[in-house]
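Remarks on the overall topology
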Amino acid sequence: MMKKMSIPTSKISLVLFLCQIISALDVPLDSKLLEDLSQPPTITQQSPKDYIVDPRENIVIQCEAKGKPPPSFSWTRNGTHFDIDKDAQVTMKPNSGTLVINIMNGGKAEAYEGVYQCTARNERGAAISNNIVIRPSRSPLWTKEKLEPNHVREGDSLVLHCRPPVGLPPPIIFWMDNAFQRLPQSERVSQGLNGDLYFSNVQPEDTREDYICYARFNHTQTIQQKQPISVKVLSTKPVTERQPVLLTPTGSTSTKVELRGNVLLLECIAAGLPTPVIRWIKEGGELPANRTFFENFKKTLKIIDVSEADSGNYKCIARNTLGSVHHVISVTVKAAPYWITAPRNLVLSPGEDGTLICRANGNPKPSISWLANGVPIAIAPEDPSRKVDGDTIIFSHVQERSSAVYQCNASNEYGYLLANAFVNVLAEPPRILTPANKLYQVIADSPALLDCAYFGSPKPEIEWFKGVKGSILRGNEYVFHDNGTLEIPVAQKNSAGTYTCVARNELGKIQNEVQLEVKDPTMIIKQPEYKVIQRYGQVSFECIIKHDSTLLPTVTWLKDNDELPDDERFLVGKDNLTIMNVTDKDDGTYTCIVNTTLDSVSASAVLTVVAAPPTPAIIYARPNPPFDLELTGQLERSIDLSWIPGDENNSPITSFVIEYEDALHEPGVWHYQTEVPGTQTTVQLKLSPYVNYSFRVIAVNKIGRSQPSEPSEQYLTKSASPDENPANVQGIGSEPDNLVITWEPLKGFQSNGPGLQYKVSWRQKDVDDEWTSVIVANVSKYIVSGTPTFVPYEVKVQALNDLGYAPEPSEVIGHSGEDLPMVAPGNVQVHVINSTLAKVHWDPVPLKSVRGHLQGYKIYYWKVQSLSRRSRRHVEKKILTFRGNKTFGMLPGLEPYSSYKLNVRVVNGKGEGPASPDKAFKTPEGVPSSPSFLKITNPTLDSLTLEWGSPTHPNGVLTSYTLKFQPINNTHELGPLIEIRIPANESSLILKNLNYSTRYKFYFNAQTSVGSGSQITEEAVTIMDEVQPLYPRIRNVTTAAAETYANISWEYEGPDHANFYVEYGVAGSKEDWKKEIVNGSRSFFVLKGLTPGTAYKVRVGAEGLSGFRSAEDVFETGPAMASRQVDIATQGWFIGLMCAVALLILILLIVCFIRRNKGGKYPVKEKEDAHADPEIQPMKEDDGTFGEYSDAEDHKPLKKGSRTPSDRTVKKEDSDDSLVDYGEGVNGQFNEDGSFIGQYSGKKEKEPAEGNESSEAPSPVNAMNSFV
């Protein structure tokens, strides 16, 4: 083995080898050598085995080869000779075997499909390429199919099939919507490997009509689109949770075969609710580290560069809270053939022996076959020196005629390998490739390696001599390497001199001389020593060296094997390192390293820092100001300033700041000039002309800055012409016929002299005009009048003073003033995309007519009327701006089923141009909003009456209503759901054949031809033959809305003393509900401070009773009006009247109670007197009831409120003066102070019968109702 040289040498031009085989020649890759050697062909470049071409472009089939002499090329197609001369569309590149098939000039790519093979041949053999299969890429269109809408229940699984057309190569699949936005994917929704879109469970937000599968064919750069798929999610309550079920793969087991070296992809996608989580394991083993990746939210297991060891069973487990399911995939890794030992080129001398070895592996085991010059070896011309032994060819006693190219083919069912290897028999005299008189330099007592790169056939023998006439070198002091290198293990001074290398074989002899120089080693004769130093002291390490006089040494110091700190305290001298003001962090090991081009030496020493002995406390302060400032070396543009530093005050001065004053332009103002290190006390300062300078110096240490020094003497520099021109020159017109030229004026000291002025020049760009110039005073603006509108100008501003002009200024481009655009956009077209979105197209206006910088286009659009209501409304124009030279824009947020108009205007910096003619368009129908209200009245034993209002926003022509209802038992479980379709012109319905004393829940929505709108819900109870205790509930929420307020009323059934609250918010908004507390137990409330013309949602709730709430109601405030109606409820006379009525009721109630307590004659009392039944019990003392005649029903109104008839509704068109707007109950209650807080009823109860026919005591409530 050749030893690695320890010394740098010049680059050796040939150390690389063409081939290395046992008992064979090594041919160095020397360009001049290879030009003279004969060589069989070698394929250097070829097209891939499976070559898919673009059918629109020329087909290029590559085949490049080298050889000496240069090879000729031929082709076969589908196993037969391919005569390219007979096909005008096919040409072969010069000096190459590459075919070019001309498709772009009339050729058909399909006509050239087939299997091609190239042969490169010269007098020493023939090499062949792989079988190159040519196939044109295909990107077929999607087959037309009728796609039915997918209706799926919420929570169910869904698979949207893509089924892309079969292309070559297969397309890349992705899903997008109509707006070309990728559909979001998650653990719940994801795309499978086959391109299908899987939903583990669907949610309402999955409803859409534009699920579109796209197939991208990269080879032809085309994208094919499948027809949109519609998905409608049907909401069901409650949604049933389900345990996982695998959507793909199906069954419990499956198999997968993958080839070695490929990427293994395994997939499991599961359905279930909640969404299942996927986990992967390998049975009986671990997933391979560093090659395993999880994709598609862990639904896909990816293992790269698979091998036979990756075979086995892989289990995917899908799990959610209800259970799990698993699938086992049995993976088998097969292998196309791969090389163990590929045959290598063999270069032999006549009479030598050699072997070609071809060993490959695969699964299944590949078969090996040999060819000679492209012909199966069994039928190739015989060669007595050749013997085939399976995967080996043995050559014995070869001759020059044995030269040939051999092909080894290893194949199994998954592929094949083809390798060319030539046998080249050469007879060449020796050649030495090492440059003559090459110089080698080494250090004494180190090894020396002298090269003698050679070539010859037969292999030459190498001999070395020292000196021109010296004897042959032999003995243990030398090592002779097989590549011709001479090694001197320990070179001494006397080893220097001339060495001669001689190469000889039976065909000749050649020699070459090289030079060796032996240098003295580099040494450190005085090394750094261990030091102990007190903190804040000074230490020095020495490093004195001795070296060969012909070598240039470099000395480097390290601290703890790293660079020295970037600190000015470290001073590196020629032979030493000094550290000033030592601190604790300087503790460590210091190393001196000496390098030359041939060797390196180093030495180290340790520094230990110890604490200094106690010293008196040191007072640190800012330095004293410098003094004795002196100006010397006065020149026109520079001067030298020197000073004497003041006292440091125990903190070293780190820097000096120099400031100057310009007594000519800014007297009394000091400016920063420069800053120099604290060790410097003189500086050369650059000066400007026409400035009366004086200078001062400020010292800086770690504590702070000193006071400024006394100013130096003044120095006035001579005047000169300006050095610079104004900055930020601009030309912008303020009016259509002017050009305003502005600039930043020069500062005083930049003027360089008296009489500062500006030369302003301009000319119209792209017109052969002369410059127009004017000289102005020291201002910053000049206005050029009478310019054409918005034309480009070249502008420049040059400074000048009494001594001359500044250098020629650079030109800037400006524009004269803009004017409003003259032309409106034409050909305005509107494409309605859906019920709320439209796309507007227009032709751009000519740029000349813009008359300014084009900023964009504005679309003015407004709603003319709703097609469902046919009523015009206040026109509110909306504006959308599109920046730049766009020719289309999208109008979002349109209202369905409405008539709109729009126009388009171009915009420049001056403003808007004329509007295009108004373009009318209509939006199609959409789904309606929820019905405005749903009331349930007139409960009987087996029927209920439903009343409703049409949707506030029908968004089209209503086709019908849908009513769904189901019973609710005492545990709030829902019964079977019943659905009824109702014509659109109906506004009420009587439901019959219901169960008595049963609570029902109702779901009600409206439909247009587009679909169903949002639903409104309500609950109601059928009655039984006697009144049963009521479940607490709030129903029949109604609103009467004005411009800025709304009266909210409701009906309440349940225990007394409920505390109500009203929640409201803007309809359709996601903001939190606003909450208002209702004072007392009233069943009405006034919402104030509302926004006119706004739709609101409202609901009523009760606190302290399990937190139940009413259904939502939607209302819209009236539009803003010039004047408002007076709210009668806030008028003083009305309040007074109500107080009087309340007082009369109170007096009546007191009279009734007095009569009852005195035992007045009641119908029951008369019966007791007539029938003296001894079993009749006396009146109870605790509650004042009449024994068994005291029916619980008599007193229910006092405890739980009177049961209000469910048909007491108040329409919005009722008079504002009606008290019914504030509530509909009939039960009245009193505060402790006797004030009345009950509800006013606008309806009388049925009068009780006269005489003894009535058995009902006149309760206070009945008395109140009778009074009303």
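Residues numbered from 1 in each chain as written. Predicted model: local features only at pLDDT ≥ 70, side-chain atom pairs only at ≥ 80, totals over all residues. Heavy atoms only, no water.

So, about the overall build of the protein. From N to C terminus, the protein includes six helices and 92 strands. Expressed as a percentage of contacts within the protein between residues at least 6 apart in sequence, the contacts between residues at least 24 apart total 65%. Carbon and sulfur atoms make up 51% of the accessible area of the protein, which totals about 67700 Å². (Helix = DSSP H or I, 4+ residues; strand = E, 2+ residues; numbered from the N terminus. Contact = heavy atoms within 4.5 Å. Areas by Shrake-Rupley, 256 points an atom, 1.4 Å probe, with all protein chains shown as cover.)

Scanning all chains against the criterion turns up 36 salt bridges. The partner of Arg-637 in a salt bridge is Asp-723, with the nearest N and O atoms 3.3 Å apart. One end of the pair, Arg-637, is in the loop between β57 (627-632) and β58 (638-644); the other, Asp-723, is in the loop between β63 (715-716) and β64 (727-732), and 86 residues separate them in sequence. Judged by its relative accessible area of 38%, Arg-637 is partly exposed. Lys-765 is paired through a salt bridge with Asp-766; the nearest N and O atoms lie 3.3 Å apart. For Lys-765, a relative accessible area of 27% gives the class partly exposed. Its relative accessible area of 67% is what places Asp-766 among the exposed residues. Three or more residues are tied together by salt bridges with common partners; here these are Arg-153, Asp-156 and Arg-242. (Salt bridge = Lys/Arg side-chain N within 4 Å of Asp/Glu carboxyl O. Buried < 20%, exposed > 50% of the residue type's maximum accessible area, 1.4 Å probe, protein only.)

What follows is about the sheet that holds strand β82 (residues 978-983). Sheet architecture is open: four strands sit in the order β82-β81-β84-β85, paired in antiparallel fashion. Two strands close off the open sheet at either side, each with one partner strand: β82 and β85 (1016-1021). Taking the axes of each pair of neighbouring strands and ignoring which way they run, one obtains an average angle of 25 degrees across the sheet. Pairing between strand β81 (residues 960-968) and β82: six bridges, direction antiparallel. Considered in β82, the bridge of Ser-960 is made with Pro-983. (Pairing = 2+ DSSP bridges. Axes fitted to C-alpha atoms, helices over the stretch in contact; angles between N-to-C directions.)

Under the definition given, this model contains 23 aromatic pairs. Note on Phe-174 and Tyr-214: the rings are 5.7 Å apart at their centroids and 5 degrees apart in plane angle, and the pair reads as stacked. Within this pair, whereas Phe-174 is found in strand β14 (residues 172-176), its partner Tyr-214 is found in strand β17 (residues 208-217), the two being separated by 40 residues in sequence. Residue classification places Phe-174 among the buried residues on the basis of a relative accessible area of 6%. A residue is classified by how much of its surface remains accessible, and Tyr-214, at 5% relative accessible area, is buried. Aromatic pair Tyr-1000 and Phe-1002: ring centres 6.3 Å apart, planes at 40 degrees, arrangement tilted. As far as burial versus exposure is concerned, Tyr-1000 and Phe-1002 are alike and both buried. Site record: aromatic cluster; members linked through ring pairs are Phe-174, Phe-180 and Tyr-214. (Phe/Tyr/Trp six-rings, centres within 6.5 Å; stacked < 30°, edge-to-face > 60°.)

The next point concerns the nonpolar core. Core analysis: the biggest nonpolar cluster contains 29 residues, and Ile-59, Ile-61, Trp-75, Ile-101, Tyr-116 and Ile-134 have the highest contact counts within it. Among the secondary structure elements, those contributing two or more residues to this core are β2 (50-53), β3 (59-61), β4 (63-68), β5 (72-77), β8 (99-101), β9 (114-122) and β11 (132-136). It is β9 that contributes the most residues to this core, three residues altogether. If near-sequence neighbours (up to four positions away) are discounted, Tyr-116 is found in contact with Ile-61, Trp-75, Thr-76, Arg-77, Phe-82, Ile-101, Asn-130, Asn-131, Ile-132 and Ile-134. (Core = buried A, V, L, I, M, F, W, Y, C linked by side-chain atoms within 4.5 Å.)

As a further point, take the state of the cysteines. The final tally for this structure, using the stated rule, is six disulfides. Each disulfide pairs two cysteine sulfurs, and for Cys-162 the partner residue is Cys-213, the sulfurs being separated by 1.9 Å. Judged by the sign of its S-S torsion, about -70 degrees, the cystine formed by Cys-162 and Cys-213 is left-handed. Placement of Cys-162 in the loop between β13 (158-160) and β14 and of Cys-213 in strand β17 is noted, with a sequence separation of 51 residues between them. In this model, Cys-358 is linked to Cys-408 through a disulfide, with the two sulfur atoms separated by 1.7 Å. Around the S-S axis, the bridge from Cys-358 to Cys-408 shows a dihedral of about -65 degrees and counts as left-handed. With Cys-358 in the loop between β30 (354-357) and β31 (359-363) and Cys-408 in strand β36 (residues 404-412), this pair connects stretches of sequence that are 50 residues apart. You can call Cys-358 buried: its relative accessible area is 0%. (Disulfide = S-S within 2.5 Å.)

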